[in-house]
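Secondary and tertiary structure notes
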Amino acid sequence: MAGLMFASHPIHTEAVAGIVGRADVGASLFFLLSLLCYIKHCSTRGYSARTWGWFLGTGLCAGCSMLWKEHGVTVLAVSAVYDVFVFHRLKMKQILPAIYKRKNLSLFLSVSLLTFWGTSLLGARLYWMGNKPPSFSNSDNPAADSDSLLARALTFFYLPTKNLWLLLCPDTLSFDWSMDAVPLLKTICDWRNLHTVAFYTGLLLLAYYGLKSPSLEREYNGKAVTNGKQNANGHSCHSDVEYRNSEIKPSFASKAENGIKNNVSQTTQLPSTENIVVLSLSLLVIPFLPATNLFFYVGFVIAERVLYIPSMGFCLLITVGARALYVKVQKRFLKSLIFYATATLIVFYGLKTVIRNGDWQNEEMLYRSGIKVNPAKAWGNLGNVLKSQSKISEAESAYRNALYHRSNMADMLYNLGLLLQENSRFAEALHYYKLAIGSRPTLASAYLNTGIILMNQGKTEEARRTFLKCSEIPDENLKDPHAHKSSVTSCLYNLGKLYHEQGHYEEALTVYKEAIQKMPRQFAPQSLYNMMGEAYMRMSKLPEAEHWYMESLRSKTDHIPAHLTYGKLLALTYPAALMNLGAILHLNGRLQKAEANYLRALQLKPDDVITQSNLRKLWNIMEKQGLKTSKT
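Residues numbered from 1 in each chain as written. Predicted model: local features only at pLDDT ≥ 70, side-chain atom pairs only at ≥ 80, totals over all residues. Heavy atoms only, no water.

**Things to note about the overall build of the protein chain**
Scanning the protein chain for helices and strands turns up 26 helices and three strands. Relative to its full complement of 632 residues, the protein chain shows a buried share of 46%. Of all intrachain contacts in the protein chain linking residues separated by at least 6 positions in sequence, the fraction that spans at least 24 positions is 63%. On the protein chain, roughly 33,700 Å² of surface is accessible, and the fraction owed to carbon and sulfur atoms is 60%. (Helix = DSSP H or I, 4+ residues; strand = E, 2+ residues; numbered from the N terminus. Buried < 20%, exposed > 50% of the residue type's maximum accessible area, 1.4 Å probe, protein only. Contact = heavy atoms within 4.5 Å. Areas by Shrake-Rupley, 256 points an atom, 1.4 Å probe, with all protein chains shown as cover.)

**Some remarks on unusual backbone geometry**
A positive phi angle is found at Arg 89, which is not glycine, with a value near 55 degrees. Tracing the chain through its elements places Arg 89 in the loop between helix H5 (75-87) and helix H6 (92-100). Relative accessible area serves as the criterion here: at 7%, Arg 89 is assigned to the buried category. Positive phi is not limited to glycine here, since Ser 390 has a value of about 65 degrees. Within the secondary structure layout, Ser 390 lies in the loop between helix H14 (375-388) and helix H15 (392-405). A relative accessible area of 59% means that Ser 390 is categorised as exposed.

**Focus: the nonpolar core**
Core analysis: the biggest nonpolar cluster contains 68 residues, and Ala 446, Phe 467 and Tyr 512 have the highest contact counts within it. Ignoring anything within four residues of it in the chain, the contact list for Ala 446 reads Tyr 414, Tyr 433, Ala 436 and Ile 437. Grouped together as the second largest cluster of nonpolar side chains are 34 residues, Met 5, Leu 159, Leu 307 and Val 373 included. (Core = buried A, V, L, I, M, F, W, Y, C linked by side-chain atoms within 4.5 Å.)

**A word on the pattern of salt bridges**
One pass over the full model with this rule turns up 20 salt bridges. Here Glu 396 and Arg 400 are joined by a salt bridge, their closest N and O atoms 3.0 Å apart. Here the residue Glu 396 and the residue Arg 400 both occupy positions in helix H15, the gap between them amounting to four residues, near one helical turn. Look at Glu 396 and you get buried, because its relative accessible area is 13%. (Salt bridge = Lys/Arg side-chain N within 4 Å of Asp/Glu carboxyl O.)

**As for the packing of helix H18 (residues 444-456) against helix H19 (residues 460-471)**
Between H18 and H19, whose axes approach to 8 Å, the crossing angle comes to 165 degrees. Taken together, the axis directions place H18 and H19 in an arrangement best described as roughly antiparallel. Here H18 runs over H19; the crossing is left-handed. Note on element contacts: H19 touches H18 through Glu 462, Ala 463, Thr 466, Phe 467, Lys 469 and Cys 470, opposite Ala 444, Tyr 447, Leu 448, Thr 450, Gly 451, Ile 452, Leu 454 and Met 455. Split by residue class, the contact of H18 with H19 holds nine nonpolar, three polar and two charged. (Axes fitted to C-alpha atoms, helices over the stretch in contact; angles between N-to-C directions. Parallel < 35°, antiparallel > 145°, perpendicular 65-115°, else oblique. Left-handed = near helix turned anticlockwise from the far one by under 90°. Nonpolar A, V, L, I, M, F, W, Y, C, P; charged D, E, K, R; others polar.)

**Comments concerning helix H24 (residues 560-587)**
Side chains of residues three or four places apart in an α-helix project in the same direction, reflecting 3.6 residues per turn. Taking 1.5 Å per residue as the helical rise, H24 with its 28 residues ought to reach 40 Å, and the 41 Å between its terminal C-alpha atoms agrees with that figure. Along H24, the residues classified as buried are Ala 562, Thr 565, Tyr 566, Leu 569, Pro 575, Leu 578, Met 579, Gly 582, Ala 583, Leu 585 and His 586. Where H24 is buried, its residues meet helix H22 (526-538), helix H23 (542-555), helix H25 (591-604) and helix H26 (609-624). Immediately downstream of H24, the backbone of Gly 589 shows phi near 80 degrees, a positive value. (Expected span 1.5 Å × (residues − 1).)

**Concerning the UniProt feature "repeat: TPR" (unreviewed entry) in the protein chain**
The residues that UniProt annotates with the feature "repeat: TPR" (unreviewed entry) are residues 410-443, 444-477, 489-522 and 575-608. Each end of residues 489-522 is marked by a C-alpha atom, and these two atoms are 11 Å apart; helix forms 79% of the span and strand 0%. Its end C-alpha atoms 9 Å apart, residues 575-608 is made of 79% helix and 0% strand. (UniProt positions renumbered as here; feature names shortened; annotations may be inferred.)

**A few points about the packing of aromatic side chains**
Evaluated as defined, the whole model comprises 12 aromatic pairs. Taking the centre distance of 5.9 Å and the plane angle of 40 degrees together, the rings of Phe 156 and Tyr 297 count as tilted. Of this pair, Phe 156 sits in helix H8 (residues 149-168) while Tyr 297 sits in the loop between helix H10 (273-285) and helix H11 (310-328); the two residues are 141 residues apart in sequence, bridging distant segments of the chain. Since its relative accessible area comes to 12%, Phe 156 is described here as buried. Relative accessible area serves as the criterion here: at 39%, Tyr 297 is assigned to the partly exposed category. Three or more aromatic residues joined by ring pairs form one cluster here, namely Tyr 38, Trp 52 and Phe 55. We note Arg 192 situated over the ring of Tyr 158; from NZ or CZ to the ring centre the distance is 5.3 Å. (Phe/Tyr/Trp six-rings, centres within 6.5 Å; stacked < 30°, edge-to-face > 60°. Lys NZ or Arg CZ within 6 Å of the ring centre and 35° of its normal.)

Have a look at this one:
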């Protein structure tokens, strides 16, 4: 039942259908492989040399799971919970006495190694992140940005409740839960706090039920058992009371006893309800902890794909509850009712998954489906899709709808300005670019397009100030550092072009050099290099000009402006070289070769006075020596 529920649950649609969700699916695969390896390690510990091979597999798979998604490392904590509370059936009050009496040292060795490996993986991950958590936009997680400690606390305590509701009743799903999709809880009087209280009360009761001291009555294989005696038509089992005053023994490890080998056929014993509850809670809670904002702020409010691993615990918890009810009730009608109710839930989950898969068919359908939950983000993304489909008026309407719901979205203000600029509505475009800059002063692309419009309108001084301001934006706390650096480089390029058109070639070169220093790796530099060549050419520094023209053509061999400007350079330099070579040959008495070079120079530059003069002098000498000239 748990497997069917997991397979059909609609909360998985994002993780399965969305490319970014591949990380969660991959992490889940290695999460389960790691847990299975540890279960094998537990069952072979103490009598097989292969046990540490299984432990090695646990560590390697946990590392792979973390490389897919950071919360994959939590499988080590789940494994520890399984070993202590499920495999060995330790209760909370038994842990300290067991440590004090040094019983089951192999258990504590395994748990210590799990702790060491988990700490090492987390330390390595933190080191790779530069020893600081990632930074996110305020709109991605509004609660984290709230100035009110009460609002942050109430909202963060409430969010797990909302996530559990999505698992239980996934009626409303969305590709994005940021911004105002989940309004902040700002006061104690907010009725949603009742949900929070109910959630944590239920969670604590379940934890108490799973970790309480052993009771006198247990249920195995669907049969109730008291003090090791079966109650009716069932098999007898050892009661947990036997573990109170004896050495701690595993609950379902197949150890060799009395000289009988492990492979002797034994009746398979299902784990007790309490054990499954503990394992279910650990699968539900522990992998979700990194997303709770308790240890560090995360870049989302709710992310359905993050629930892929915790949903395993949820599905187990629901079905173990159904199984417990099924065992408790005596009437066949009630047993059938429980069975069919669970089956119906699975069918409904499956139907919702089919419907939700339809939303993920393409971007347009996905964004339309999210309008109800997050209208600002959904309308904005829908506008981008409609624009790519050349539905300009619909795209503009979508952008305006997004801004109606959230007027300070810098990206949306910029996108609307860009759409207006591309349709030659420059005055309106400038208005929205300025609003975008006001909302996010570090939005370099808005400065860039503002400066371009002003430059085209002849407002060169305003354009210059805009480009300069863009170039001075610090490279810190940026939403997209690569795009920012590209925009800053483009601003410097246009500023240099502005200086170039005004005849300030030295200033232009200074700006171009700054652009090269700030240029990101993905920036296409051919135009920038070509303009540097132009500036050097205007300053008659022809070797430097030739160098940058060649750099431009090396970066993009079919860059037409560079071919044209380099052609002009060659048209200036090549005749001069031919004239100089002719003069050298002339002085060395190689008159006929000197004449040939003078003539080729004049073919390229017919009005060159120096070449004409040198050629006349050469002809005079050749005539005196009786040599034939091209003139004759």
